[in-house]
Amino acid sequence: MKNIITILLVSFISLSASAQYGVDNIFRKYKNDKGVIAWQFEGDISGMLKTKDGEDIKSSLESVDFVMFIEEGSDISDKDKQKLKEKIKSDKYELLVEARDKGQKVRLMGIEDGNTITKVFAQVSFENKSAYFFLTGEIYLEDLNNIEFESLMDGLDF
């Protein structure tokens, strides 16, 4: 009887932990690796971003999580790519934008809630490098199309 209770308890704890495991958690183990740049901003950070016209965005952003692999050809493991694919599907992310241009690829996915998007996941590949963005908050699609992300990269030299 003790064994059955122990097994049930371990199963319940495991299920609770896996239910809270988000897409961004896959990247936590890479954040301190050599050749990886990782930023995490929390709080209302909408003021840090402008549109391509220089205007303020309408969205309110609660957090931005950014992970970039700067060593040529480095990326998350194949096992983690599979976990990421499964988690995106189970969390019901929808494809918002997928684009390719001169060796650059962008894949933008989100979870919608009415007229806004509450979570955004972006996967970007360029110059044999990979980067991942996670945004949470109340995000309008028109802002996503017009945000000037390059301003966040000013001053960085890879």
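Look up: the structure comes first, before these words.
Presented here is an overview of the structure given in this document.

A look at helix α2 (residues 78-90)
Right, on to step 1. End to end, α2 covers 18 Å across 13 residues, agreeing with the expected 18 Å (1.5 Å per residue, within 8%).
Right, on to step 2. Among the residues making up α2, those that are buried are Asp-80, Leu-84, Lys-87 and Ile-88. Burial along α2 is one-sided: seen end-on, the buried residues are contained in an arc of 100°. Among the exposed residues of α2, those pointing more than 90 degrees away from its buried face are Asp-78, Lys-79, Lys-85 and Lys-89.

What about the side chain of Asp-80?
Right, on to step 1. Mapping Asp-80 onto the fold places it in helix α2.
Right, on to step 2. One polar contact links Asp-80 to Lys-29, side chain to side chain, over a distance of 2.9 Å.
Right, on to step 3. In contact with Asp-80, not counting residues within four places along its chain, are Ile-26, Lys-29 and Tyr-30.

Some remarks on the pattern of salt bridges
Any two side chains of opposite charge can pair, so long as their charged atoms come close to each other.
Right, on to step 1. Scanning the model with the defined rule gives 8 salt bridges in all.
Right, on to step 2. Across the salt bridge formed by Asp-65 and Lys-31, the nearest N and O atoms sit 2.9 Å from each other. Note that Asp-65 is positioned in strand β2 (residues 60-69) and Lys-31 in the loop between α1 (2-19) and β1 (36-42), a separation of 34 residues in sequence. The same class applies to Asp-65 as to Lys-31, namely buried.
Right, on to step 3. As a salt-bridge pair, Glu-98 and Arg-107 come within 3.7 Å of each other at their nearest N and O atoms.
Right, on to step 4. Classification of Glu-98 by relative accessible area gives partly exposed; the value is 48%.
Right, on to step 5. It is possible to trace a salt-bridge network through shared partners that takes in Lys-29, Asp-80 and Lys-83.

Analysis parameters
- Residues numbered from 1 in each chain as written.
- Predicted model: local features only at pLDDT ≥ 70, side-chain atom pairs only at ≥ 80, totals over all residues.
- Heavy atoms only, no water.
- Helix = DSSP H or I, 4+ residues; strand = E, 2+ residues; numbered from the N terminus.
- Expected span 1.5 Å × (residues − 1).
- Buried < 20%, exposed > 50% of the residue type's maximum accessible area, 1.4 Å probe, protein only.
- Arc of directions from axis to C-beta.
- Polar contact = N/O pair within 3.5 Å; in protein donor to acceptor, adjacent residues only side chain to side chain.
- Contact = heavy atoms within 4.5 Å.
- Salt bridge = Lys/Arg side-chain N within 4 Å of Asp/Glu carboxyl O.

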